[in-house]
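Geometric and topological summary
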Amino acid sequence: MKRRFDIGDNVCVRSIDKPGHVRIPFYIRGKLGTILQYCGRYLNPEDLAVGKTSGPGVDLYRVEFVQNTLWDQPDNQPQDKLVIEIYDHWLTQTNTLVKSRAEV
Amino acid sequence: MKGYHDIGGDKAGVIPKEELPWLYWEKKVEAIRNLLGDGTRRIIALDEMRRGFESFGQDKYDNLSFYRRRLEAMIDILIEKEIITQAELDAAIGEKKRVWASELKNSSKI
């Protein structure tokens, strides 16, 4: 199956209020980032959390965010980045370019 | 809803920057977790254990150390899946305590 995202694609993290164990922290939900790397396909941790150890794998990506778009911290420099691994079903495509506060 | 474990970005005050020793029992907890989760057994997945301590309730979660959380969550899931019973666990703990007590008594005689 073809992957939905390529390196360099701009993405938005979905903000779903899903109960149970999820790997996506609240601070990153709804934020805009860029695909940095493809990590492979893994079983969905949300299924593994309830003992479901079969089924199709889900694509996992390493996604980069500009720190000063995440935190209200004046010390963060425009080049400071946060990299976090996010599963495919938590990402949507976006054409909005990520801009650090300094560029806005 | 944000879970009590999801603390990234919260105000944390001063963070202690000290290296804590990795205790022997903590290494055993991690070794058991690896055995329970490996590809041949698949008894408890890593994410299943995380789900365990993420549903402890905040008081219990906040009062336990990192490895105690993992240990307690593994016990909960082993009982939940009926791999062991609470009675078997209590009996095994009781037996170990008796062995340790008698070893302690013998060693003090030397």
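Preceding block: the structure.
Counting restarts for each chain, with residues numbered from 1 along the sequence as it is written. Chain labels run from A onward and ligand labels from 1 onward, assigned in the order the entries are written. Note on the predicted model: pLDDT of at least 70 is required for a residue's local features to be given, and 80 or more for side-chain atom pairs to be given and counted; whole-chain, interface and lining totals, by contrast, use all residues.

1. Re the overall build of chain A
In DSSP terms, a helix is any run of H or I states spanning at least four residues, a strand is any run of E spanning at least two, and both are numbered starting from the N terminus. Along chain A, the regular secondary structure elements total one helix and five strands. The order of helices and strands in chain A, counted from the N terminus, is β-β-α-β-β-β. The C-alpha extent of chain A, read off along each of the three principal axes, is 45 × 30 × 20 Å. Comment: burial labels come from other C-beta atoms within 10 Å of the residue's own C-beta, placed from the backbone, where a count of 20 or more is buried, 12 or fewer is exposed, and between is partly exposed. Burial status across chain A gives 19% buried among its 104 residues. For chain A, the share of sequence-separated contacts (at least 6 apart) that also reach a separation of at least 24 residues comes to 64%. Contact definition: two residues whose C-beta atoms, as placed from backbone geometry, lie within 7 Å.

2. A short note on the nonpolar core
Residue and element names in this part refer to chain A. Nonpolar cores are built from buried Ala, Val, Leu, Ile, Met, Phe, Trp, Tyr and Cys residues. These are joined into a set through C-beta atoms within 7 Å. Counting 13 residues, the largest nonpolar core has V13, I24, Y61, V63, I86, W90 and L91 as the members making the most contacts within it. Counting only elements with at least two residues in this core, the list comes to β1 (10-13), β3 (58-66) and β4 (81-87). At four residues, the largest contribution of residues to this core is made by β3. Every residue in contact with W90, bar those within four places of it in the chain, is listed here: V13, R14 and I24.

3. Brief notes about the sheet that holds β1(A)
Residues and elements named next belong to chain A. Paired strands are those between which DSSP finds at least two bridges. Read from one edge of the open sheet, five strands run β4-β3-β2-β1-β5, paired in antiparallel fashion. Edge positions in the sheet fall to β4 and β5 (91-93), since each has one partner strand and no second. The sheet shows a mean angle of 40° between the axes of neighbouring strands, taken without regard to direction. In this structure, strand β2 (residues 32-42) lies alongside β3, joined through seven bridges in antiparallel fashion. Following the sheet pairing, Q37 is matched in β3 by R62. For helices, the fitted axis covers only the stretch in contact; all axes are lines through C-alpha atoms, and the angles between them, taken along N-to-C directions, range from 0 to 180 degrees.

4. Digging into the pairing of β1(A)
Residues and elements named next belong to chain A. Only one face of β1 is covered, namely the face carrying V11 and V13; the face carrying N10 and C12 is uncovered. Sheet topology places β1 next to β2; three bridges connect them, and they run antiparallel. Of the residues in β2, the one forming a bridge with C12 is L32. Relative to β5, β1 is paired through three bridges, and the arrangement is antiparallel.

5. Things to note about the packing of helix α1 (residues 24-37) of chain B against helix α4 (residues 66-80) of chain B
Residues and elements named next belong to chain B. At a minimum axis separation of 10 Å, α1 and α4 run at an interaxial angle of 40°. Put simply, α1 runs oblique to α4. Of the two possible hands of crossing, α1 and α4 adopt the one that is left-handed. Contacts from E26, V29, R33 and L36 of α1 reach α4 at Y67, R70, L71 and M74. Side-chain classes are defined by residue name, with Ala, Val, Leu, Ile, Met, Phe, Trp, Tyr, Cys and Pro counting as nonpolar, Asp, Glu, Lys and Arg as charged, and the others, Gly among them, as polar. In the contact of α1 with α4, the residues fall into five nonpolar, no polar and three charged. Any angle that is under 35 degrees is reported as roughly parallel, and any over 145 degrees as roughly antiparallel; angles of 65 to 115 degrees are reported as roughly perpendicular and all others as oblique. The crossing is said to be left-handed when, going from far helix to near helix, the turn is anticlockwise and less than a right angle, and right-handed when the turn is clockwise.

6. Points about unusual backbone geometry
Residue and element names in this part refer to chain B. Of note in this structure, R42 is not a glycine but carries a positive phi near 50°. Checked against the element boundaries, R42 lands in the loop between α1 and α2 (46-54). Note on R42: 14 C-beta atoms within 10 Å, which makes it partly exposed. Within the chain, E82 stands out as a residue other than glycine whose phi angle is a positive 60°. Structurally, E82 is set in the loop between α4 and α5 (86-109). On the basis of neighbour counts, which here come to 7 C-beta atoms within 10 Å, the residue E82 falls in the exposed class.

7. Things to note about α4(B)
Residue and element names in this part refer to chain B. Its 15 residues give α4 an end-to-end C-alpha distance of 21 Å, which sits within 8% of 21 Å, the value for a rise of 1.5 Å per residue. Those residues of α4 that fall on the buried side of the exposure criterion are R69, R70, L71, A73 and M74. Packed against the buried residues of α4 are α1, α2 and α3 (58-63). One or two steps after α4, the chain reaches E82, where phi turns positive at roughly 60°. Multiplying 1.5 Å by the helix residue count minus one yields the expected span of that helix.

8. Here's the deal with α1(B)
Spanning 14 residues, α1(B) covers 20 Å between terminal C-alpha atoms, matching the ideal 20 Å at 1.5 Å per step. A small share of α1(B) lies buried, amounting to zero of its 14 residues.

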